[in-house]
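Residue-level listing of the chains:
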Amino acid sequence: MTDEDYMRAALEQAREAGSCDEVPVGAVVVLDGEIVGRGYNQPIGRHDPTAHAEVMALRDAAARLGNYRLPGCELYVTLEPCAMCCGAIMHSRIARVVFGARDPKTGVAGSVIDLFAEPRLNHHATIAGGVLAEECGSLLSSFFAARRGRTLVA
């Protein structure tokens with residue numbers, strides 16, 4: 001499978017979040033070509049500010065693999081991770097992060113800051129951004145436009 005295929009799986013998770021009236025962000029964790037963790041945004045429904053898509057996918061993968069460390073795993077997420085998620089990614093020892101849309105307000109993989117490149121931190125994942133960025137960004141834009149009670153004009 002390709003990065004785009006795994007990002008499509010993350011987009012499925014994002015759509016699940018949207019159907020629950022959560023911000024539509026989804027993530028999957030991949031090990032040796034197999035999806036071992038899935039997650040989508042659930043902070044509202046779970047009353048949990050840490051229930052971001054990345055954290056939910058990391059929790060799922062850790063439970064399935066029986067280890068809080070996820071060496072060799074890749075994380076695919078539809079939106080550039082925030083600082084909280086970056087910390088969880090680093091602590092879990094994810095090897096590679098692939099994200100879709102950039103987040104100019106809270107993204108820490110290069111938009112606001114690049115925590116993954118911070119040399120003082122002890123773990124550094126490889127980062128690839130912009131995979132299916134238009135589709136990932138469009139899902140978010142449509143969600144927020146609908147919340148505001150109007151639709152986007154193409």
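Since the model is a prediction, treat every value here as computed from it, not as a measurement. (Residues numbered from 1 in each chain as written. Predicted model: local features only at pLDDT ≥ 70, side-chain atom pairs only at ≥ 80, totals over all residues. Heavy atoms only, no water.)

Chemist: Whenever I open this one, the side chain of S92 confuses me. Can you help?
Modeler: Tracing the sequence through the fold places S92 in helix α4 (residues 83–92). According to the relative accessible area criterion, S92 is buried, its value standing at 5%. Not counting the four nearest positions on each side in its chain, S92 is found in contact with L58, Y68, R69, L70 and P71. (Helix = DSSP H or I, 4+ residues; strand = E, 2+ residues; numbered from the N terminus. Buried < 20%, exposed > 50% of the residue type's maximum accessible area, 1.4 Å probe, protein only. Contact = heavy atoms within 4.5 Å.)

Chemist: Mind showing me how you'd approach the UniProt feature "active site" (unreviewed entry) in the chain here?
Modeler: With numbering matched to this structure, UniProt assigns "active site" (unreviewed entry) to E54. As for its placement among the helices and strands, E54 is situated in helix α3 (residues 53–65). (UniProt positions renumbered as here; feature names shortened; annotations may be inferred.)

Chemist: What am I meant to see in the packing of aromatic side chains here?
Modeler: One pair of aromatic rings is described through two measures. These are the centre distance and the angle between the planes. In this structure the tally under the stated criterion is two aromatic pairs. With 5.1 Å between their ring centres and 40° between their planes, Y6 and Y76 make a pair best called tilted. Taken as a pair, Y6 in helix α1 (residues 3–19) and Y76 in strand β3 (residues 74–79) lie far apart in primary sequence, 70 residues in all. Across the pair, exposure class does not vary: Y6 and Y76 are buried alike. When the centroid spacing of 5.2 Å and the interplanar angle of 80° are considered together, the rings of F143 and F144 count as edge-to-face. With relative accessibility at 33%, the residue F144 sits in the partly exposed group. (Phe/Tyr/Trp six-rings, centres within 6.5 Å; stacked < 30°, edge-to-face > 60°.)

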